[in-house]
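Results of the structural survey
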Amino acid sequence: ATKVEVNAKKERYGRDEALALLDGMKELIVTRGKKVTLFKLSSKERPDDDTLAAAMLGPTGNLRAPAIRKGKKLIVGFNEDAYGEFFGE
């Protein structure tokens, strides 16, 4: 698997870059504090880009950190329980 690490303080991902991360993904998991939201990205169930961008971007308009892709899933934000499930631990 290819690992790419980007320093979010130096390289910004705006709306278009954040949405581009969803290419080929089947699920988007967004965490905000204790709230965890799962978005199915299949063509029938996929929310519109505005909904997805609103979930992925922080108040500055940049992709929230951390953001990690694993297989066909993308997780944005940090929640210890969600990470345990995401990484199968």
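Each remark here, short or long, concerns the structure printed above.
Below: a short report on this structure. (Residues numbered from 1 in each chain as written. Predicted model: local features only at pLDDT ≥ 70, side-chain atom pairs only at ≥ 80, totals over all residues. Heavy atoms only, no water.)

**Notes on the overall build of the protein chain**
Along the protein chain, the regular secondary structure elements total three helices and four strands. Listing each helix as α and each strand as β along the protein chain from the N terminus yields α-β-β-α-β-β-α. The globule rule puts the C-alpha radius of gyration for 89 residues at 12 Å, and the 12 Å found for the protein chain is close to it. Relative to its full complement of 89 residues, the protein chain shows a buried share of 36%. In the protein chain, the proportion of contacts linking residues at least 24 apart, taken out of those at least 6 apart, comes to 49%. Side chains of the protein chain carry 17 positive and 14 negative charges; the gap between the two charge centres is 2 Å. (Helix = DSSP H or I, 4+ residues; strand = E, 2+ residues; numbered from the N terminus. Rg over C-alpha atoms; globule rule 2.2 N^0.38 Å. Buried < 20%, exposed > 50% of the residue type's maximum accessible area, 1.4 Å probe, protein only. Contact = heavy atoms within 4.5 Å. Lys, Arg positive; Asp, Glu negative; His and termini not counted. Charge placed at Lys NZ, Arg CZ, Asp CG, Glu CD.)

**Section: the sheet that holds strand β3 (residues 67-70)**
Spatially, the four strands line up as an open sheet ordered β2-β1-β4-β3, and their pairing is mixed. The strands lining the two open edges of the sheet, one partner per strand, are β2 (35-40) and β3. On average, each strand axis in the sheet is tilted by 15 degrees relative to the strand beside it, whichever way the strands run. Summarising the sheet, β3 and strand β4 (residues 73-76) pair through four bridges and their orientation is antiparallel. The partner of Arg69 across the bridge, within β4, is Leu74. On the sheet, helix α2 (residues 49-56) packs against β1 (27-32), β2 and β4 and is oriented at approximately 45 degrees with respect to β1. (Pairing = 2+ DSSP bridges. Axes fitted to C-alpha atoms, helices over the stretch in contact; angles between N-to-C directions.)

**Looking at the side chain of Arg64**
As for its placement among the helices and strands, Arg64 is situated in the loop between α2 and β3. No salt bridge is formed by the buried Arg64, whose closest oppositely charged neighbour, Asp81, lies at an N-O distance of 15 Å. One polar contact links the side chain of Arg64 to the main-chain carbonyl oxygen of Thr31, over a distance of 2.5 Å. Every residue in contact with Arg64, bar those within four places of it in the chain, is listed here: Val30, Thr31, Arg32, Ala55, Met56, Leu57, Gly58, Val76 and Gly77. (Salt bridge = Lys/Arg side-chain N within 4 Å of Asp/Glu carboxyl O. Polar contact = N/O pair within 3.5 Å; in protein donor to acceptor, adjacent residues only side chain to side chain.)

**So, the pattern of salt bridges**
In the structure shown here, the tally under the stated rule is four salt bridges. Among the salt bridges present, the one from Asp50 reaches Arg15, with a minimum N-O distance of 2.5 Å. One end of the pair, Asp50, is in helix α2; the other, Arg15, is in helix α1 (residues 15-20), with 35 residues separating them in the sequence. In this structure, the salt-bridge partner of Glu27 is Lys73, at a minimum N-O distance of 3.7 Å.

**Structural notes on the packing of aromatic side chains**
Taken as a whole, this structure holds three aromatic pairs when the rule is applied. Taking 4.8 Å as the distance between ring centres and 55 degrees as the angle between the ring planes, the aromatic pair formed by Phe78 and Tyr83 counts as tilted. Ring plane angle 90 degrees and centroid distance 5.0 Å describe the contact between Phe86 and Phe87, whose orientation is recorded as edge-to-face. What makes Phe86 buried here is its relative accessible area of 8%. Of the residues examined, Phe87 reaches a relative accessible area of 32% and is grouped as partly exposed. In this structure an aromatic cluster arises from ring pairing among Phe78, Tyr83, Phe86 and Phe87. (Phe/Tyr/Trp six-rings, centres within 6.5 Å; stacked < 30°, edge-to-face > 60°.)

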